[in-house]
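# Fold and contact review
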Amino acid sequence: MPSPATPWWRAPFAAPMADGRIDAIDLARGFAVVLMILSHGIKGLLPFDQFPDWGIVPIHLVTKFSSSLFVIVFGIALAVVFLPRVGEPDWPRRRWGLIKRGVVVWIWYKILTIVEMSHLYPTADILDALRYQRFPSFVEILGFYAIALLWMPWFLSAWKRFPGWLRLASPILLAGFGLWLAREFDFWELPQLQALVVEHQDYYVWGQLTRGPLVLLGLLIGEWMLYGFASPAVRRVLIASLVVASTTLFALFFWLALPTLDDTLAALARNVGKHPPALDFMLFSVGGALALLAIAVVGGKTLATWLRPVTLIGSDALQAFIFHISVIFLLFRIALGYWHNIDYSTALGLTLALIVATAGWIRLVHWLTSRRGAS
């Protein structure tokens, strides 16, 4: 903790280290990935015009919490696992490990780009996607994650030295800078580069500066969680703050959307305002993400145990991503020919089975890894 003589708004990061793996983080990440699979599994087999009304709202609507929660938990994990290690003798090794992880994720992003596009796109379009001339949609969040892992390890060293007020303001400052850059800079007339940095209306891409504020929000929450592990009072304040923030965002969303609420909810479910991020989409998505995060923190180890399949999926998000994308595109679409050939109820049943199978796959991978390590 900062010394009593140093106000928090002037103090650098000084949170204690976590003791082992945090179940609440795995559970929160599991919520994000399960909702992502729910979205991908159904949308990967049917167009929106084949969704019944109850499939659009509420089922597909609540999956909008996934993207923001996934990015926020990425920041939380960086804060809990790596920030306390910054500046220690083994930090260069850990930093290099994060960068290597980014390279691995980038390789899988390109492999899964081929998997996703192989069903409907010609070879020329797939090659364009591999060269960043165009982008996939289902696996694009991996592209964001891979690039972020290449620069965030260097940023952590600076962020840890920031005074408290600057850490607190950093999400707003980064969001403002991203908005300014999107409006004032032409990115050398390279729309693909703009998409990667601040997003572009013609490309389904997660911009580093448009989603980066959520990573920084995760860093702040992760720092708060580290203090909360040692102080139940701090943990209670964290939970209350997450609930208040979530309620406020939802209240703002409904206040703005109330005149056309039904149409707005249906539009959000169809991903209107997701790329580039619009205000109503972000209010709804981040509000839901913070609510799910509060549930994970409140439930802690007990809830993580009760929801073991979800926690297991959250413990290895990359394997979950590889497995569910491969099943949707290689098995369901290509091998079984389900693309536009089944009804919504069947697609929903297959997707729920896919979620269970994903948890089983990760359990198998972990068992094989432990066996190999023991031999």
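The structure displayed is predicted, hence computed values, not measured ones.

### Re the overall build of the protein chain
- In terms of regular secondary structure, the protein chain is built from 15 helices and 0 strands.
- A compact globule built from 375 residues should have a C-alpha radius of gyration of about 21 Å, and the protein chain, at 21 Å, falls within 12% of that.
- Dimensions of the protein chain along its principal axes, counting C-alpha atoms only, are 65 × 60 × 40 Å.
- For the protein chain, buried positions account for 52% of its 375 residues.
- Within the protein chain, counting contacts between residues at least 6 apart in sequence, those at least 24 apart form 79% of the total.
- For the protein chain, the exposed surface amounts to about 17,400 Å²; the carbon and sulfur share of it is 67%.
- Each charge sign in the protein chain was given a centre, from 29 positive and 22 negative side chains, and these centres are 12 Å apart.

### Details of the UniProt feature "domain: Heparan-alpha-glucosaminide N-acetyltransferase catalytic" (unreviewed entry) in the protein chain
- Taking the UniProt record as the reference, the feature "domain: Heparan-alpha-glucosaminide N-acetyltransferase catalytic" (unreviewed entry) is found at residues 21-184.
- Within the segment residues 21-184, helix and strand shares are 77% and 0% respectively, and the terminal C-alpha atoms sit 43 Å apart.

### Section: the pattern of salt bridges
- Evaluation of the coordinates by the stated rule reveals 10 salt bridges.
- With its nearest N and O atoms 3.0 Å apart, the salt bridge here joins aspartate 26 to arginine 29. Residue aspartate 26 and its partner arginine 29 are located together in helix α1 (residues 23-43), separated by 3 residues, close to a single helical turn. When sorted by exposure, aspartate 26 lands in the same class as arginine 29, which is buried.
- Between aspartate 90 and arginine 94 there is a salt bridge; the shortest N-O distance is 2.8 Å.
- Residue arginine 94 is classed as partly exposed on the basis of its relative accessible area, which comes to 21%.

### Side note on the side chain of glutamate 199
- Among the structural elements, glutamate 199 can be located in the loop between α8 (191-198) and α9 (208-230).
- Reaching out from glutamate 199, the side chain makes a polar contact with the side chain of histidine 275 at a distance of 3.0 Å.
- Those residues in contact with glutamate 199, other than ones at most four positions away along the chain, are Gln194, Val205, Trp206, Gly207, Thr210, Arg211, Lys274, His275, Pro276 and Pro277.

### Things to note about a nonpolar patch on the surface
- The grouping of Val103, Val104, Trp106, Ile107, Trp108, Ile111 and Leu150 at the surface amounts to a nonpolar patch, some 550 Å² of accessible area in total.
- In terms of residue count, the dominant contributor to the nonpolar patch is helix α4 (residues 91-117) (6 residues).
- Mapping tryptophan 108 onto the fold places it in helix α4.

### So, the packing of aromatic side chains
- Across all of its chains, the model carries 22 aromatic pairs by this definition.
- Their ring planes at 70° and their centres at 6.1 Å tell us that phenylalanine 65 and phenylalanine 250 sit as a pair that is edge-to-face. Of this pair, phenylalanine 65 sits in helix α3 (residues 65-82) while phenylalanine 250 sits in helix α10 (residues 232-257), placing them 185 residues apart in sequence. The burial state of phenylalanine 65 is the same as that of phenylalanine 250; both residues are buried.
- On the numbers, 6.1 Å between centres and 40° between planes, the contact of phenylalanine 332 with tyrosine 338 is tilted.

Calculation criteria
- Residues numbered from 1 in each chain as written.
- Predicted model: local features only at pLDDT ≥ 70, side-chain atom pairs only at ≥ 80, totals over all residues.
- Heavy atoms only, no water.
- Helix = DSSP H or I, 4+ residues; strand = E, 2+ residues; numbered from the N terminus.
- Rg over C-alpha atoms; globule rule 2.2 N^0.38 Å.
- Buried < 20%, exposed > 50% of the residue type's maximum accessible area, 1.4 Å probe, protein only.
- Contact = heavy atoms within 4.5 Å.
- Areas by Shrake-Rupley, 256 points an atom, 1.4 Å probe, with all protein chains shown as cover.
- Lys, Arg positive; Asp, Glu negative; His and termini not counted.
- Charge placed at Lys NZ, Arg CZ, Asp CG, Glu CD.
- UniProt positions renumbered as here; feature names shortened; annotations may be inferred.
- Salt bridge = Lys/Arg side-chain N within 4 Å of Asp/Glu carboxyl O.
- Polar contact = N/O pair within 3.5 Å; in protein donor to acceptor, adjacent residues only side chain to side chain.
- Patch = residues over 30% accessible without salt bridge, like charges linked within 9 Å, V, L, I, M, F, W, Y side chains within 5 Å.
- Phe/Tyr/Trp six-rings, centres within 6.5 Å; stacked < 30°, edge-to-face > 60°.

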